[in-house]
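Coordinates in review
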Amino acid sequence: MARADRDFVGRVKAALDIVQVIQAYVPLAQKSGRFVALCPFHREKTPSFWVHPEKQIFHCFGCGKGGDVVTFVMEMDRLSFGEALRHLAGLAGLPLPETRQGGAAEGRRERLLAALLKASEFYVAALRAPGGARALEYLRGRGLTAAALERFALGCASGEWRSLHSALRSRGFTDDELLAAGLVKANEAGHKWDLLRNRIVIPIRDARGRVIAFGGRALDDTPPKYLNSPETELFSKRNVLFGLDKAARAAAAAGCFVVVEGYMDVIAAHQRGVENVVAALGTAFTVEHVAQLRRHAGQIVLLFDADEGGQRAADRGATLLVREGLDVAIATLPAGQDPDDFFRTHEAAAFWSYLAENKEDMIAYLIRRAREEAGEDAGVARTVRAARSVLKLLEGMDDAVQFDLYVRRISQEFGVDEALLRQDMRRSGGAKRPVHADEATPPRAERGMLRGWELDEVFILHAAATDAAVAERVVEALSEADFRDTGRRVVFMTIRDIVKGSQSPAPSVVLEQLKDNAAAVGALQVALGRPLPPEETVDDLIERMTERRKDVEYRRAREEAGRSGVLKSSDDDELDPRLDELARYHVARYARSKDQERQRHDAGEA
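Brief notes about the packing of aromatic side chains
Note on aromatic pairs: each is described by the distance of the centres and the angle between the planes. Tallying each qualifying case throughout the model produces 19 aromatic pairs. Ring plane angle 55° and centroid distance 5.3 Å describe the contact between phenylalanine 342 and tyrosine 354, whose orientation is recorded as tilted. Of the two residues, phenylalanine 342 sits in helix 14 (residues 339–345) while tyrosine 354 sits in helix 15 (residues 348–358), which places them 12 residues apart along the sequence. Accessibility assignment for this pair places phenylalanine 342 and tyrosine 354 in one class, buried. Every member of this aromatic cluster is reached through a ring pair, and the members are Tyr25, Phe41, Phe49, Phe58 and Phe72.

Observations regarding helix 18 (residues 400–414)
An ideal rise of 1.5 Å per residue puts 21 Å on 15 residues; helix 18 measures up with 21 Å between its terminal C-alpha atoms. Turning to helix 18, its buried residues number three or more, namely Ala400, Gln402, Phe403, Asp404, Tyr406, Val407, Ile410, Ser411 and Phe414. In the segment just after helix 18, glycine 415 is the residue with positive phi, at about 70°.

Considerations on the sheet that holds strand 15 (residues 299–304)
The sheet built from 6 strands is open, its strands ordered 12-14-13-15-16-17 with mixed pairing. The open sheet is flanked by strand 12 (241–242) and strand 17 (360–361), the only strands paired with a single partner. Bridge count for strand 15 against strand 16 (residues 327–332) is 6 bridges, and the pairing is parallel. Directly across from valine 301, in strand 16, lies its bridge partner alanine 329. Here helix 11 (residues 263–271) sits on the sheet and contacts strand 12, strand 13 (256–260) and strand 14 (277–280); the angle it forms with strand 14, its principal contact strand, is near 175°.

Thoughts on the pairing of strand 14
Along strand 14, one buried face is formed by Val277 and Ala279 and the opposite face, lined by Val278 and Ala280, is buried too. Two strands pair when backbone bridges link them, and strand 12 and strand 14 are joined in this way by 2 bridges, in the antiparallel orientation. Each residue of the ladder has a partner; that of phenylalanine 242, found in strand 14, is alanine 279. Relative to strand 14, strand 13 runs parallel, the two being bridged by 3 bridges. Directly across from valine 259, in strand 14, lies its bridge partner valine 278. Taking the sense of rotation as the criterion, the β-α-β connection linking strand 13, helix 11 and strand 14 turns out right-handed.

Basis of the calculations
Residues numbered from 1 in each chain as written. Predicted model: local features only at pLDDT ≥ 70, side-chain atom pairs only at ≥ 80, totals over all residues. Heavy atoms only, no water. Phe/Tyr/Trp six-rings, centres within 6.5 Å; stacked < 30°, edge-to-face > 60°. Helix = DSSP H or I, 4+ residues; strand = E, 2+ residues; numbered from the N terminus. Buried < 20%, exposed > 50% of the residue type's maximum accessible area, 1.4 Å probe, protein only. Expected span 1.5 Å × (residues − 1). Pairing = 2+ DSSP bridges. Contact = heavy atoms within 4.5 Å. Axes fitted to C-alpha atoms, helices over the stretch in contact; angles between N-to-C directions. Right-handed = clockwise from strand over helix to strand, strands pointing away.

Below, the structure written as structure tokens:
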């Protein structure tokens with residue numbers, strides 16, 4: 001990283017308040033001069049995510065993640081260091097310096113994003129051209145307004161085989177880039193053609209609103225009816241929710257997300273003013289989807305069709321969400337309607353009224369579905385099977401309190417003794433009661449059960465990673481030999497390299513250089529959550545760590561001297577120069593400790 005780049009990173013961070021940046025993602029509450037929240041990186045009931053405004057850092061005491069404002073945006077939006085810096089520079093209103101150059105991988109990503117953006121503009125222009133009349137008529141027939149078309153940047157692809165390919169090649173993009181972006185296909189002979197032809201085209205965006213893929217709806221009977229971009233280095237269906245970039249703020253305000261099945265469902269809802277609506281992209285709900293939703297809202301409402309396909313989609317979503325322990329409700333629309341149909345004929349107020357009257361909590365929905373499948377006059381055997389089918393959905397659930405409440409509810413609804421249900425679960429090896437968070441045994445570092453020397457290493461790294469002046473002192477006074485823990489030793493060596501390269505060792509800078517070393521990343525994250533106690537000083541830490549190292553060196557030197565015959569049990573005067581130096585150090589240290597003890601004694605008598 002060039003000096004100009006290091007200065008620019010500092011300017012970006014100085015221009016932003018980490019509290020305000022994180023507040024845009026997570027609701028924060030002030031407590032004792034700091035800010036706390038439920039961690040956006042893992043599920044928890046009690047807030048363990050802390051933001052320290054005075055140091056401009058964050059740390060979660062539950063999962064161990066921590067760092068500065070750049071690190072936070074990297075983690076939340078899954079960005080590289082350069083991408084996060086660009087985003088934050090935009091928030092700060094700072095233009096990127098001309099000297100800032102990304103790495104090869106980062107430059108490639110930027111090229112692919114640029115190709116996708118140009119493709120989106122190409123499709124939008126095609127919809128407005130005379131050749132897009134049929135597509136435009138179709139969209140208007142679906143009740144979409146000009147404002148909705150513009151907001152979601154809907155477009156169309158003609159029936160020509162290479163119109164997009166030719167247009168983007170003329171703008172300087174290579175075949176390799178177009179293939180990597182998922183915009184064109186190729187055969188073994190090397191012939192290229194457009195992926196989407198004769199289709200309505202819907203841009204798929206990431207959480208930051210960048211186009212990363214497309215969905216296409218056929219304008220004729222050519223199968224498949226819906227076609228998405230293939231998986232690429234920018235796009236993975238399991239990580240993307242359609243409409244999230246537009247729904248996140250509304251969901252945070254409303255406290256919930258509404259999840260539907262398709263693109264048109266989302267667009268129709270937003271057009272009616274119900275803007276906290278998202279959809280999975282033709283795939284089952286994933287834990288990655290859940291994590292993204294959890295960052296913005298505490299409740300999820302699944303809204304699906306009343307037909308069998310809609311019910312199966314609701315069942316799949318509920319199965320995962322119940323295991324994740326989220327606050328989930330399910331609403332089924334009237335028979336024969338999907339969300340798109342509903343929003344064409346109902347205003348926002350009517351939708352919220354319908355939802356309030358018709359949604360049911362997740363366990364009630366699962367029990368009802370199991371009862372319906374068992375039949376109205378189910379006998380004992382069918383009732384037992386129905387109860388077991390619901391219990392099976394609890395497998396993998398890790399919230400002990402919610403698990404117990406669900407088991408009790410199933411017992412009551414099916415009329416089966418709760419103790420017998422639990423006994424049956426144990427015997428069958430099915431759903432097991434999860435360990436409560438308070439019962440689990442986290443790693444030593446997370447439990448705070450660090451030994452004295454471990455704490456010294458943690459505290460010194462926290463101080464060095466958050467204060468450039470301290471980092472210079474630490475690097476000058478210590479060496480890697482002063483760190484016993486391998487991960488913390490690597491962190492120190494990285495900070496030393498950064499300081500000697502005339503850089504400022506901010507957490508995000510250190511983390512970027514450690515990203516391929518999991519042990520070192522974990523050590524840094526633990527250190528960032530353990531600031532130096534007020535009764536300690538950096539000088540104290542340096543002195544103790546130096547003394548421990550010399551203790552070890554002295555013992556090793558004596559052992560080596562004894563093995564080599566240089567030192568005999570009766571002639572300590574025959575010391576090699578290194579051992580002599582260490583011996584004198586220990587004599588001086590012993591004398592100093594005696595002086596300190598005498599001073600404390602004298603002060604006590606006085």
